[in-house]
Amino acid sequence: MINYILLSIASTVALLITSNVHAESLFGIEIGGAFSVRECTADDLVQGKNIDKGLCTRSKGVALTQHPWGATTHQIEQPFGMHFASWGFQPYGFNVKEFQGKVIEISIATFGADWQEEAMHDLVTKFGKPPAIKKSIMQNTFGVKVEKLSAKWKKAGYTVFFDGISGSTDTGFITIKTDDAILEEHAADQWRSKNLPQPKM
């Protein structure tokens, strides 16, 4: 029964990640386009009520971070009862950053070692085979050795990074950055250099 449920969830996310007409969008979020995720409502907390409406966000509270250099980070949520992914969507682990009116980064936390093959499968289905899939051996806190998968896809206007294990073996990341993300990084660096104490030589 448990295996059946997990397979059902995996099928759901495979549909979500591959059903976009354009490869330049992920779960309905346009990479490099305007941020247009709907606002969460009280109905999103009711079992099964808004699962057909897709992901949502909140424009107030901890779900929204206004960075002083002009960027905004949105925390993405799923309606209660929506099966997003077998391999990911850790609590508070799906973020979208926009800068100058465009989505420049999408970051999704995955469940690490046990689910990295499923995540890799869906990414290959979505973005095609990467130039290489790097495999390396890591050791968890119990001394058990596990294989880590990582890959990189360079597409027109953006790059996809997959890190099957990041720090803890229970966590990994999928990160998509547009070519314009470097503009936000420069703006952040300039703000920090002007407003934060600099280390003395």
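This text follows the structure it describes.
Conventions and cut-offs
- Here, residues in each chain are numbered from 1, in the same order as that chain's written sequence.
- Thresholds applied to this predicted model are a pLDDT of at least 70 for local features of residues and 80 or more for the giving and counting of side-chain atom pairs; totals over whole chains, interfaces and linings are not thresholded and use all residues.
- Hydrogens and water are ignored here; the side-chain numbers use all heavy atoms of the structure.
- The numbering of helices and of strands both runs from the N terminus, where a helix is a DSSP run of H or I of at least 4 residues and a strand a run of E of at least 2.
- Any residue under 20% of the maximum accessible area for its type is buried, any over 50% is exposed, and the rest in between are partly exposed; the area is computed with a 1.4 Å probe on protein chains only.
- Note on areas: these come from Shrake-Rupley sampling with a 1.4 Å probe, and a residue is covered only by the protein chains present in the view.
- Residues grouped as a nonpolar core are buried Ala, Val, Leu, Ile, Met, Phe, Trp, Tyr and Cys residues, joined through side-chain atoms within 4.5 Å.
- Two rings from Phe, Tyr or Trp (for Trp, the six-membered ring) form a pair when their centres are within 6.5 Å of each other. A pair whose planes differ by under 30 degrees is stacked, one over 60 is edge-to-face, and the rest are tilted.
- To sit over a ring, a charge needs its Lys NZ or Arg CZ within 6 Å of the ring centre and within 35 degrees of the ring normal.
- Two cysteine sulfur atoms make up a disulfide if the distance between them is within 2.5 Å.
- Every patch collects residues that have over 30% relative accessible area and no salt bridge, joining them within 9 Å if they carry like charges and within 5 Å if they are nonpolar side chains (Val, Leu, Ile, Met, Phe, Trp, Tyr).
- Any Lys or Arg side-chain nitrogen found within 4 Å of a carboxyl oxygen on Asp or Glu counts as a salt bridge.
- Positive charges are assigned to Lys and Arg, negative charges to Asp and Glu, while His and the chain termini are left out of the count.
- A single reference atom marks each charge: NZ on Lys, CZ on Arg, CG on Asp, CD on Glu.

1. Re the overall build of the protein
Alright, step 1. For the protein, the helix and strand inventory stands at three helices and twelve strands.
Alright, step 2. The buried share among the 201 residues of the protein stands at 43%.
Alright, step 3. Accessible surface computed for the protein: about 11600 Å², of which carbon and sulfur atoms make up 56%.

2. Overview of the nonpolar core
Alright, step 1. Core analysis: the largest hydrophobic core is formed by 30 residues, its most contacted members being Phe94 and Ile106.
Alright, step 2. Within the residue set of this core, elements represented by two or more residues are β7 (94–99), β8 (102–110), α2 (116–127), β10 (145–155), β11 (158–163) and β12 (172–178).
Alright, step 3. In terms of residue count, α2 provides more of this core than any other element does, four residues in total.
Alright, step 4. Ala71, Phe99, Ala181 and Ala188 belong to the second largest nonpolar core, which has seven residues in total.

3. Brief notes about the packing of aromatic side chains
Alright, step 1. As enumerated under the stated definition, the model contains four aromatic pairs in all.
Alright, step 2. Seen from their ring centres, Phe127 and Trp153 are 6.5 Å apart, and the 50° between their planes marks the pair as tilted. You can see Phe127 sitting in helix α2 and its partner Trp153 sitting in strand β10, a full 26 residues away along the chain.
Alright, step 3. With 6.2 Å between their ring centres and 65° between their planes, Phe127 and Tyr158 make a pair best called edge-to-face. Separated by 31 residues along the polypeptide, Phe127 in helix α2 and Tyr158 in strand β11 bring together distant segments of the chain.
Alright, step 4. Clustering of aromatic rings is evident, with ring pairs tying together Phe127, Trp153 and Tyr158.
Alright, step 5. Positioned above the aromatic ring of Trp69, the side-chain terminus of Arg192 is 4.8 Å from the ring centre.

4. Concerning the state of the cysteines
Alright, step 1. Summed over the entire model, instances satisfying the criterion amount to one disulfide.
Alright, step 2. The disulfide bridge from Cys40 ends at Cys56, spanning 2.1 Å between sulfur atoms. Across the disulfide from Cys40 to Cys56, rotation about the S-S bond amounts to roughly 90°, and the bridge is consequently right-handed. A residue pair is termed long-range when its members are at least 10 positions apart, and Cys40 in the loop between β3 (38–39) and β4 (56–57) and Cys56 in strand β4 qualify at 16 residues.

5. Brief notes about a negative patch on the surface
Alright, step 1. Taken together, the side chains of Asp114, Glu117, Glu118, Glu147 and Asp170 present a region of like negative charge at the surface.
Alright, step 2. Tracing the chain through its elements places Glu147 in strand β10.
Alright, step 3. Given the relative accessible area of 37%, Glu147 is considered partly exposed.

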